[in-house]
Amino acid sequence: MLEPGMLRPATEAVLQTAPRLRFARKYTDRDITLLAEVDRAHEWLSGPATRCILRREYEQFGKPQFARLAGISSAHLYNLRRSLRYRKVAAVYEPTRPSPVSIGERRRPDPQNRPGYLRVDTVHQGDRDGIKGVYHINAVDAVTQWQVVGCVGRISEKFLLPVLEAMLHQFPFRILGFHTDNGSEFINHSVERLLNKLLIEFSKSRACRSQDNSLVEGKNGAVIRKLIGYGHIASQHAEAVQKFHTAQLNPYLNFHRPSGFATVSLDARGKRRRIYKAGDYATPYEKLKSLPAASKYLKPGISFVLLDQRGQTMSDTESAKKMGRAKAALLRQCKSESPAPPKCS
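Basis of the calculations
- Residues numbered from 1 in each chain as written.
- Predicted model: local features only at pLDDT ≥ 70, side-chain atom pairs only at ≥ 80, totals over all residues.
- Heavy atoms only, no water.
- Pairing = 2+ DSSP bridges.
- Helix = DSSP H or I, 4+ residues; strand = E, 2+ residues; numbered from the N terminus.
- Contact = heavy atoms within 4.5 Å.
- Axes fitted to C-alpha atoms, helices over the stretch in contact; angles between N-to-C directions.
- Phe/Tyr/Trp six-rings, centres within 6.5 Å; stacked < 30°, edge-to-face > 60°.
- Buried < 20%, exposed > 50% of the residue type's maximum accessible area, 1.4 Å probe, protein only.
- Core = buried A, V, L, I, M, F, W, Y, C linked by side-chain atoms within 4.5 Å.
- Parallel < 35°, antiparallel > 145°, perpendicular 65-115°, else oblique.
- Left-handed = near helix turned anticlockwise from the far one by under 90°.
- Nonpolar A, V, L, I, M, F, W, Y, C, P; charged D, E, K, R; others polar.

Digging into the sheet that holds strand 4 (residues 147–152)
Pairing is mixed across the open sheet formed by six strands, whose spatial order is 1-6-5-2-3-4. The open sheet has two edge strands, strand 1 (105–106) and strand 4, and neither has a second partner. Note that strand 5 (residues 177–180) and strand 6 (residues 201–204) share four bridges and pair parallel. Looking at the pairing, H179 lines up with S203 of strand 6. Packing against the sheet, helix 8 (residues 238–255) makes contact with strand 3 (135–141) and strand 4, and its axis sits at approximately 175° to strand 4.

Rendered as structure tokens:
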């Protein structure tokens, strides 16, 4: 054993640890923070949809900070979401949430790649302590997934028809078909007269065919429940919610929030198979513009030049942040002005 200060014999080998090889790091902490900021604004979309937004932020809106993220793959995007840095930045802490009619034809609409065939449904915010909650009216175009959401305090002719007519006017293309389930809120003579006046086909879902209205039902959960939540909103706030939908939510959904468009194929047994490719994600407005001879479907007085101006006023993430701030203010207002629940004695 060597004493302190003694020299090691030359014959004794000295073990050395080989330097560890490391790959060059492509995405910095700033990129991960930027990804978390985008995810928070859009409320955590799927990987392909987020990739589409990152690419648009760099290529279409010219934001240089998205240069590296614009080319990220879906697989590596999920890797970054699992990283410690991302989880620290993106962590969000929320309090625990409280818990046979002759009207319309029974058939599945056949748009034939033409916009204007709507699927319509309602979403109720629930009742609490005898106080009625608002009803969201959700209308989605079957081809472009252009979505318009409205809000009423009651499901009756007095409340429903004005909002429904205002919603139809928000679509930039002519409405050709109106398809709902068999609920009495739409299957009535008042709605039938309105659609007949506008020369719109009226159809309803067939018995034991749950997929007839599946598009809008999927949007009920993926959009309305995800963004508005399940909390009670009293019916007296229906007008404020309607204004929010018209001014904030609907423009964000149609110009800035990508949706997936499936490629449908048939296997050897004739079964339909849906595949969502990376290139199949686009905003409803992009999908509308991509249709053959798309301009012929637009309403009189509406052009793609005018719609381009509306879509380019702000970037996708800026629109999401603006909508998020307006939504937070709306929900705070609805909660503060709603009657307080009775206290238990």
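Right, picking up where we left off after that structure.
As for the packing of aromatic side chains
Under the criterion given, the structure shown has eight aromatic pairs. Ring geometry for W146 against Y285: centres 6.5 Å apart, planes inclined by 80°, an arrangement best described as edge-to-face. With W146 in the loop between strand 3 and strand 4 and Y285 in helix 9 (residues 284–290), this residue pair connects regions lying 139 residues apart in the sequence. For the pair W146 and Y285, a shared accessibility class is recorded, and that class is buried. Judged by centre distance (6.0 Å) and plane angle (70°), the rings of F178 and F186 are edge-to-face. Of the two residues examined, F178 and F186, each falls in the buried class. A connected cluster of aromatic rings, assembled from ring pairs, spans W146, F171, F173, F255, Y285 and F304.

A short note on the nonpolar core
One finds I137, W146, F171, F178 and V191 to be the most contacted residues of the largest nonpolar core, which totals 36 residues. Every element with two or more residues in this core is listed here: strand 2 (117–124), strand 3, strand 4, helix 5 (157–170), helix 6 (189–197), helix 9 and helix 10 (304–311). Sorting elements by how many residues they give to this core places helix 5 first, with six residues. Look past the residues within four positions of W146 in its chain and what remains in contact with it is A139, V140, D141, Q170, F171, P172, F173, N254, F255, P284, Y285 and L288. V123, I233, A320 and C334 belong to the second largest nonpolar core, which has 20 residues in total.

With respect to the packing of helix 1 (residues 29–42) against helix 2 (residues 47–59)
Where helix 1 meets helix 2, the closest approach of the two axes is 11 Å, and the angle between their N-to-C directions is 115°. When the axis of helix 1 is compared with that of helix 2, the two are roughly perpendicular. Here the hand of the crossing between helix 1 and helix 2 comes out right-handed. Note on element contacts: helix 2 touches helix 1 through T50, I53 and L54, opposite L35, V38, D39 and H42. A per-class count over the contact of helix 1 with helix 2 returns four nonpolar, two polar and one charged.

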